[in-house]
Amino acid sequence: MFEKIESKDFLINPFQSIGRDWMLVTAGDETGGVNTLTACWGGLGDLWHKDAAFIFIRPSRYTYEFIEKMDTFSLSFFPGDCKSKLGYLGSHSGRDEDKIGKMGLHVEYFDGTPGFEEAELIIVCRKMYHLDFVGGRIPANEIERFYSNEDENDFHRFYAGEVTGLYRKKQ
Ligand SMILES: Cc1cc2nc3c(=O)[nH]c(=O)nc-3n(C[C@H](O)[C@H](O)[C@H](O)COP(=O)(O)O)c2cc1C
């Protein structure tokens, strides 16, 4: 069971929770299906005086198709003992298998947007804006690290989402 909370009561360290513990970015619905990926790039803050979340998704990801199709997406944060599942979901594609079922995770809808029963915190976002990374503006060392070989030209799309719901698992 989850309870809805206000952003003033939301206490996480985004450097740790996103960058080091990772999150799942999820989109879809009951008719078209749901997909998810593990993300460690992102942020939380404000845009246009609205609570906002920021994510960076490569167009090659299957999840990208779901995010593009839908108006909303969610960010799910998990207890530490789920990290190996996040590792799996971040290295296998929903194009090839039912990776969510394989990891024993269960989709639960939050205001119509899919997240996970097993998460301890869910952020529901409505897409507000996107823009595509441009190779010429990325530092050469990061091009070398993240956009060479098969990832050449697979530049991330940046999405800013308005935070429309925060859900915390009840103790
Ligand atoms: C720790 C970790 C962080 C990741 N962060 C991102 C990210 O921020 N953006 C992204 O597009 N892919 C990221 N990935 C890669 C995707 O999670 C991975 O390619 C996934 O298999 C895509 O699944 P899909 O094809 O089902 O969408 C990350 C992977 C891992 C393991």
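Above this text sits the structure in question.
Remember, it's a predicted structure, so these values are computed and weren't measured experimentally. (Residues numbered from 1 in each chain as written. Predicted model: local features only at pLDDT ≥ 70, side-chain atom pairs only at ≥ 80, totals over all residues. Heavy atoms only, no water.)

**Student:** Which residues make up the overall build of the protein chain, and what values do they have?
**Tutor:** Within the protein chain one finds five helices and 10 strands. Projected onto its principal axes, the C-alpha coordinates of the protein chain cover approximately 45 × 40 × 30 Å. Looking at the protein chain as a whole, 42% of its 171 residues qualify as buried. About 9300 Å² of surface is accessible on the protein chain, with carbon and sulfur atoms providing 49% of the total. Put simply, the protein chain has 20 plus and 28 minus side-chain charges, and the middle of one group is 2 Å from the middle of the other. (Helix = DSSP H or I, 4+ residues; strand = E, 2+ residues; numbered from the N terminus. Buried < 20%, exposed > 50% of the residue type's maximum accessible area, 1.4 Å probe, protein only. Areas by Shrake-Rupley, 256 points an atom, 1.4 Å probe, with all protein chains shown as cover. Lys, Arg positive; Asp, Glu negative; His and termini not counted. Charge placed at Lys NZ, Arg CZ, Asp CG, Glu CD.)

**Student:** Summarise the layout of surface pockets; cite the residues concerned and give the values.
**Tutor:** Space inside the largest pocket adds up to approximately 580 Å³. Looking at the largest pocket, it is lined by 28 residues, and the ones nearest its centre are Leu 37, Thr 38, Ala 39, Arg 61 and Gly 90. The leading source of residues in the lining of the largest pocket is strand β3 (residues 33-39), at five residues. Looking at the lining of the largest pocket, its residues break down into 11 nonpolar, 12 polar and five charged. One number sums up the size of the second largest pocket: a volume of about 220 Å³. (1 Å grid on protein atoms, 1.4 Å probe; cavity = no way out; pocket = protein on both sides within 12 Å on 5 of 7 lines; lining within 4 Å. Points joined across faces, edges and corners; volume = space filled by probe spheres on them. Nonpolar A, V, L, I, M, F, W, Y, C, P; charged D, E, K, R; others polar.)

**Student:** Tell me about the environment of Ala 52, residues and numbers included.
**Tutor:** Assignment of secondary structure puts Ala 52 in strand β5 (residues 50-57). Using a relative accessible area of 2% as the deciding quantity, one classes Ala 52 as buried. Separated by 75 residues in sequence, Ala 52 and Lys 127 place their C-alpha atoms 9.5 Å apart. If near-sequence neighbours (up to four positions away) are discounted, Ala 52 is found in contact with Gly 43, Leu 44, Gly 45, Asp 46, Leu 47, Met 128, Gly 161, Glu 162 and Val 163. (Contact = heavy atoms within 4.5 Å.)

**Student:** Tell me about the nonpolar core, and please be specific about residues and values.
**Tutor:** Residues Val 25, Ile 55 and Leu 75 are the most contacted members of the largest nonpolar core, which totals 24 residues. Every element with two or more residues in this core is listed here: β2 (23-29), β3, β5, α2 (62-69), β6 (72-77), β9 (121-132) and β10 (157-169). Leu 75 has contacts with Met 23, Leu 24, Val 25, Leu 44, Ala 53, Ile 55, Leu 121, Ile 122 and Ile 123, leaving out every residue within four places of it along the chain. (Core = buried A, V, L, I, M, F, W, Y, C linked by side-chain atoms within 4.5 Å.)

**Student:** So what about unusual backbone geometry? Which residues, and what values?
**Tutor:** The phi torsion at Trp 22 lies on the positive side, around 75 degrees, for a residue other than glycine. One can find Trp 22 in the loop between α1 (14-20) and β2. Among the residues examined, Trp 22 registers a relative accessible area of 27% and is labelled partly exposed. One non-glycine residue, Asn 149, lies in positive phi territory at about 55 degrees.

**Student:** Run through a nonpolar patch on the surface, naming residues and quoting values.
**Tutor:** A surface patch of nonpolar side chains, amounting to about 330 Å² of accessible area, comprises Trp 48, Tyr 129 and Leu 131. Of note, Leu 131 is situated in strand β9. (Patch = residues over 30% accessible without salt bridge, like charges linked within 9 Å, V, L, I, M, F, W, Y side chains within 5 Å. Salt bridge = Lys/Arg side-chain N within 4 Å of Asp/Glu carboxyl O.)

**Student:** How would you explain the site of the ligand if you had to name every residue and give the values?
**Tutor:** For the ligand, the set of nearby residues contains 22 residues, the closest of which are Thr 38, Phe 56, Thr 63, Ser 93 and Gly 94. Residue Cys 40 places a main-chain N or O atom 3.1 Å away from a nitrogen atom belonging to the ligand. Between Arg 58 and the ligand, the recorded distance is 3.0 Å, taken from a backbone N or O atom to an oxygen atom. For the ligand, whose free accessible area comes to 650 Å², the fraction covered by protein is 86%. (Near = heavy atom within 4 Å. Polar contact = N/O pair within 3.5 Å; in protein donor to acceptor, adjacent residues only side chain to side chain.)

**Student:** Go over the state of the cysteines, please, and point to the residues and values.
**Tutor:** A full pass over the atoms with the stated rule returns zero disulfides. Looking at Cys 40, it has no disulfide partner, and the nearest cysteine sulfur is the one in Cys 125, 17 Å off. In this structure Cys 82 is not part of a disulfide, and its nearest cysteine sulfur, from Cys 40, lies 17 Å away. (Disulfide = S-S within 2.5 Å.)

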